[in-house]
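# Structural description and commentary
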Amino acid sequence: MAVFRFRQFDVEHDRSSMKVGTDAIVLGCLTPVEDAKHVLDIGTGCGILSMMAAQRNSGAQIEAIDIDKGSIEDAQYNFEHSKWKVRLNAYHQSLEDFAKDRESSFDFIISNPPFFVNSLQAQDKSRNQARHDVTLSFDELLRNSAKILTSDGMLCVILPIESFGIFSKAIVNNGLFLNRKTDIFSCPHHAAKRMVLEIGKQHKAFEQQQLTLFNHQNNITAEWLELCREFYLF
């Protein structure tokens, strides 16, 4: 059994299409979910983002969806064995089907979405679904998020830097606004490879930020340590 241990919860990810990784942890630490009442985790995988949100927000009701059966089985197991199980629900369902009969009810949506657009696919079908846009395009993600977000709600995603052009156009095409972009650097002498985007229905002054995870000596930076200390076991 593959188990990733955090301070307040454990994550089993044997069956999940994507294992626990730095991308999800960065996104979970950066998303301002503290005041949310109703959270949706799209493409939840093993449920790590949902449980991070539950830890940071003691009152939010959190729903999680994924089209991969093994991922949902892991998420349901992890939710049931967490201290927040009464606030966590996981569904084996596509975003299109989930959003079909819903109105604007989520004030926060979080997603580590498929992001290898038009790239060479792996042989593993579940990994393809998790990391390619063959089952969830950027347009579908944004269109359905716009439908089910409250008027002042927010969508937060993590993506490769090179996806910024196509994703920012999709934001505009779906009547949404980019409010904040945080570039993620693994270390000071490397270019940023990831970005966390905060998107909403309301136009706000755009903010540009950055986060560096490790210094030149490959030690964790004070900034990243402060963000993740409530989750990581050091």
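Residues numbered from 1 in each chain as written. Predicted model: local features only at pLDDT ≥ 70, side-chain atom pairs only at ≥ 80, totals over all residues. Heavy atoms only, no water.

### Things to note about the packing of aromatic side chains
Applying the stated criterion across every chain yields a total of eight aromatic pairs. For the pair Phe 9 and Trp 84, a centre-to-centre distance of 5.8 Å together with 70° between the ring planes defines the contact as edge-to-face. Of the two residues, Phe 9 is situated in the loop between β1 (3–5) and β2 (10–12) and Trp 84 in the loop between α3 (69–80) and β5 (88–92); the sequence distance between them amounts to 75 residues. You'll find Phe 9 and Trp 84 in the same group, each marked buried. Between Trp 224 and Tyr 232 the ring centres are 6.5 Å apart and the planes differ by 85°, which places this aromatic pair in the edge-to-face class. The exposure classification of Trp 224 matches that of Tyr 232, with both residues buried. Ring-pair connections join several aromatic residues into one group, and the members of that group are Phe 4, Phe 6, Phe 9, Trp 84, Trp 224 and Tyr 232. Taking the ring centre of Phe 164 as reference, the NZ or CZ of Lys 181 above it sits at 5.1 Å. (Phe/Tyr/Trp six-rings, centres within 6.5 Å; stacked < 30°, edge-to-face > 60°. Helix = DSSP H or I, 4+ residues; strand = E, 2+ residues; numbered from the N terminus. Buried < 20%, exposed > 50% of the residue type's maximum accessible area, 1.4 Å probe, protein only. Lys NZ or Arg CZ within 6 Å of the ring centre and 35° of its normal.)

### A short note on α3
If you check α3, its first and last C-alpha atoms are 16 Å apart, about what 12 residues at 1.5 Å a residue would give, namely 16 Å. Looking at the buried positions of α3, the neighbouring elements they touch are β2, α2 (48–56), β4 (61–66) and β5. (Expected span 1.5 Å × (residues − 1). Contact = heavy atoms within 4.5 Å.)

### Digging into the pairing of β5
Two strands pair when backbone bridges link them, and β4 and β5 are joined in this way by five bridges, in the parallel orientation. Pairing of Ala 64 across the sheet is with Ala 90, part of β5. Following the backbone out of β4, through α3 and into the adjacent parallel β5, one traces a crossover that is right-handed. (Pairing = 2+ DSSP bridges. Right-handed = clockwise from strand over helix to strand, strands pointing away.)

### Observations regarding the nonpolar core
Within the largest apolar cluster, 41 residues are counted, with the highest numbers of intra-cluster contacts made by Phe 6, Phe 9, Ile 25, Val 39, Ile 48, Phe 108 and Trp 224. Among the elements that take part in this core, α2 stands out by supplying six residues, more than any other. Not counting residues within four places of it along the chain, the set of residues in contact with Phe 108 comprises Thr 31, Pro 32, Val 33, Ala 36, His 38, Val 39, Leu 40, Leu 149, Met 154 and Cys 156. In terms of nonpolar packing, the next biggest core, distinct from the first, is built from 26 residues, Phe 98, Phe 138, Ile 171 and Ile 199 among them. (Core = buried A, V, L, I, M, F, W, Y, C linked by side-chain atoms within 4.5 Å.)

### Topic: the sheet that holds strand β9 (residues 194–200)
What the eight strands build is an open sheet, ordered β5-β4-β3-β6-β7-β9-β8-β10; its pairing is mixed. Each edge of the sheet is formed by a strand with only one pairing partner; in this case those strands are β5 and β10 (207–212). Each adjacent strand pair in this sheet contributes to an overall mean axis angle of 15°, direction not counted. In this sheet, β4 lies alongside strand β3 (residues 38–42) in parallel orientation, the contact comprising five bridges. The residue of β4 that forms the bridge with Ile 42 is Ile 65. Its contacts with the sheet put α2 on β3, β4, β5 and β6 (106–111), and the angle it makes with β4 is roughly 175°. (Axes fitted to C-alpha atoms, helices over the stretch in contact; angles between N-to-C directions.)

### Thoughts on the environment of Ile 42
Inspection of the secondary structure puts Ile 42 in strand β3. Given a relative accessible area of 3%, Ile 42 falls into the buried group. Taking the C-alpha atoms as reference, Ile 42 lies 6.1 Å from Ala 64; in sequence the two are 22 residues apart. Excluding anything up to four places from it in sequence, Ile 42 contacts Ile 65, Leu 95, Ile 109, Ile 110, Ser 111, Asn 112, Leu 136, Leu 141 and Ser 145.

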